[in-house]
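Structural overview for review
Each chain, written out:
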Amino acid sequence: MQRWLMKTEPGTFSIDDLAARRTEPWDGVRNYQARNFIRAMHRGDAVLIYHSACAQPGVAGLAKVASPPKPDPTQFDPRSDHYDAASKRADPRWTLVDVRFVRRLRRVITLDEIKSLRGLGDFALTRRGNRLSVLPVTDKQWDAILALE
DNA sequence: GCCAACGTTGGC
DNA sequence: GCCAACGTTGGC
C-alpha cells in the first residue's frame, strides 16, 4: 500500500465536505506530475487530506483511494472549469481516482508544524515553491505527521 | 490582496 | 529548442 497527500481548498471542498459526501471523484487535477502520481495509485492506498489556500494550511483528515485510476470526465465537459478541448476520448489526458473519507484529525496539523519536523527526507510538501496538489508520502513522513495529532 | 515560484504557451 | 509572457498556486 502506498501513501499520498492530496490538497484541497477548504473554501471549495473541505474535509467536512468529504465527510458528508463519503466518496468523491477527485476531479480537476491538471498538472502532469500530479496526474502521474494519480495514475500510480491503487484502491486502498492511504491519503492525507491537506487544506491549502486558507487561514490554517495543514493536514485535516485521512482518506483512502476508493477506485482505480480512470479518466476524469470533466475534461470532456465544455461547461466545466476543467474542460480540456485538446484531450481525446480515445486517449484521455487527465485521470482521477475516487477518494473515500476515513476520519477527521482531532485538530489540523499545520504546515508550520510539519516544516519543523526533521529527518523526513525529501518531501514535496515542504520543498521550496511547492505547488504539487498530489504527492507521495513515505511511511516515516506519515507516522511523524500523525504523531503530532 | 500581494507576490514568489514555477508550469505552460507560443512566437521565432 | 529557446525564452519571454502569461497564468496559476498557495503562503503570508
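Higher on the page you've got the structure.
Let us look at the structure shown here. (Residues numbered from 1 in each chain as written. Chains lettered and ligands numbered in written order. Predicted model: local features only at pLDDT ≥ 70, side-chain atom pairs only at ≥ 80, totals over all residues. Heavy atoms only, no water.)

1. Observations regarding the layout of surface pockets
Take a probe with the size of a water molecule and roll it over the atoms, and the empty space left behind shows itself. Its volume calculated, the largest pocket comes out at about 450 Å³. Considering the residues around the largest pocket, the lining is formed by 14 residues, among which Lys7, Thr8, Glu9, Thr12 and Asp27 are closest to the centre. Where the lining of the largest pocket is concerned, the elements lending two or more residues are strand 1 (3-8) and strand 2 (23-25). Each residue belonging to the lining of the largest pocket can be placed in one class, and the counts come to four nonpolar, six polar and four charged. (1 Å grid on protein atoms, 1.4 Å probe; cavity = no way out; pocket = protein on both sides within 12 Å on 5 of 7 lines; lining within 4 Å. Points joined across faces, edges and corners; volume = space filled by probe spheres on them. Helix = DSSP H or I, 4+ residues; strand = E, 2+ residues; numbered from the N terminus. Nonpolar A, V, L, I, M, F, W, Y, C, P; charged D, E, K, R; others polar.)

2. A short note on the environment of arginine 93
Position of arginine 93 among the secondary structure elements: in the loop between strand 5 (70-71) and strand 6 (95-96). Arginine 93 sits 33 residues away from threonine 126 along the chain, and the two C-alpha atoms are 28 Å apart. What arginine 93 contacts, discounting residues up to four positions off in sequence, is Tyr32, Arg35, Arg39, Gln75, Asp84, Ala86 and Ser87. There is a polar contact of 3.1 Å between the side chain of arginine 93 and the side chain of aspartate 84. (Contact = heavy atoms within 4.5 Å. Polar contact = N/O pair within 3.5 Å; in protein donor to acceptor, adjacent residues only side chain to side chain.)

3. Re unusual backbone geometry
Even without glycine at this site, arginine 22 takes up a positive phi of about 70 degrees. The topology assignment puts arginine 22 in the loop between helix 1 (15-21) and strand 2. Residue class for arginine 22 comes out partly exposed when judged on its relative accessible area of 47%. In this model, alanine 53 sits at a positive phi of 50 degrees, which is unusual for a non-glycine residue. Relative to the elements of secondary structure, alanine 53 occurs in the loop between strand 3 (46-51) and strand 4 (58-65). (Buried < 20%, exposed > 50% of the residue type's maximum accessible area, 1.4 Å probe, protein only.)

4. As for the protein's contact with DNA strand B
Around DNA strand B, a shell composed of Tyr32, Arg128, Gly129 and Arg131 is seen. Of what DNA strand B places within 4 Å of the protein, 67% of the atoms are sugar or phosphate. In the environment of DNA strand B, a phosphate oxygen lies 2.9 Å from a nitrogen or oxygen atom belonging to the backbone of arginine 128. Looking at side-chain class alone, the surface near DNA strand B contains one nonpolar, one polar and two charged residues. (Near = heavy atom within 4 Å.)

5. Notes on the nonpolar core
In terms of nonpolar packing, the biggest core is built from 39 residues, with Leu48 and Val59 touching the most fellow members. Apart from the residues within four sequence positions on either side, valine 59 is in contact with Leu5, Leu48, Ile49, Tyr50, Leu105, Arg107, Val108, Ile109, Ile114 and Ile145. (Core = buried A, V, L, I, M, F, W, Y, C linked by side-chain atoms within 4.5 Å.)

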